[in-house]
Amino acid sequence: MTDVIELVRRWADDNEVEVESVSAEQAVVILPGEKKLKTNVSIRAGAHAVDFQAFIVRKPDENRERFFQWLLQQNGRLGGLSFSVDGHDDVYLNASLPPEAFAADSAEDVLDSYLGRFLGIADKSFNELLVLGFLTSMKREWAWRIARGESTRNLSAFEHLVSGEDNEFIGTFTDLGPGPEDASGS
């Protein structure tokens, strides 16, 4: 099955995507995204299956029932891919294909299609999962960053949810010293 991993390495090189070789049977492709900045897809080639797996997000801090319900509802729409959770409730995206899918001349197209789907699903799902499982943490971080005069750029996609009057944390943090622009002494 090292032929599949060699194909993965060639694909990554051709597409200028970072790849890490774990072993002769496994490689990790690091796909750049927009909402989820990077998605690491582990590809393991075995005698009976080529397994793909990508970490999506850690276990939710809140709203667990709705969070996991959303994942299950999505599984019915993913056509060959599925969300799963590990023993810590961290979320992964998975797929498994028979090795024969990579034996034909279209092997690179199959790989390209699956990696594209992994990236698309991870990117599309990421913000929704953050809102469902981490909204309180994001509100707290927003308020903390505002109090410190720090950038809120990493939360800009959620500004409409975290910057309003319903953010109970705004005003609860005291000024913790000079902000980054005051530290230069100018």
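Residues numbered from 1 in each chain as written. Predicted model: local features only at pLDDT ≥ 70, side-chain atom pairs only at ≥ 80, totals over all residues. Heavy atoms only, no water.

A.B. asks: Which residues make up the sheet that holds strand β4 (residues 50-57), and what values go with them?
C.D. replies: An order of β1-β2-β3-β4-β6-β5 is seen for the 6 strands of this open sheet, with the pairing classed as antiparallel. The open sheet has two free edges, formed respectively by β1 (18-23) and β5 (81-85), since each of these has just one partner strand. For this sheet, the mean angle separating the axes of adjacent strands, direction not counted, is 25°. Against the sheet, helix α3 (residues 107-148) contacts β2 (26-32), β3 (38-45), β4, β5 and β6 (91-97), and its axis sits at roughly 25° relative to β4. (Pairing = 2+ DSSP bridges. Helix = DSSP H or I, 4+ residues; strand = E, 2+ residues; numbered from the N terminus. Axes fitted to C-alpha atoms, helices over the stretch in contact; angles between N-to-C directions. Contact = heavy atoms within 4.5 Å.)

A.B. asks: Which residues make up α3, and what values do they have?
C.D. replies: Relative to the 62 Å expected for 42 residues at 1.5 Å per residue, α3 spans just 52 Å between its end C-alpha atoms, considerably shorter than the ideal helical length. Downstream of α3 by one or two residues, Gly-149 has phi in the positive range, about 75°. (Expected span 1.5 Å × (residues − 1).)

A.B. asks: Go over the pairing of β3 with me, naming the residues and quoting the values.
C.D. replies: The two faces of the sheet receive side chains in turn, since in a regular strand these alternate between them. Sheet analysis places β2 next to β3, joined by 7 bridges and oriented antiparallel. Pairing of Ala-27 across the sheet is with Ile-43, part of β3. Between β2 and β3, which pair antiparallel one after the other, the connecting turn spans 5 residues. With 5 bridges connecting them, β3 and β4 associate as antiparallel partners. Paired with Ile-43 across the bridge in β4 is Phe-52. Between β3 and β4, which pair antiparallel in sequence order, lie 4 residues.

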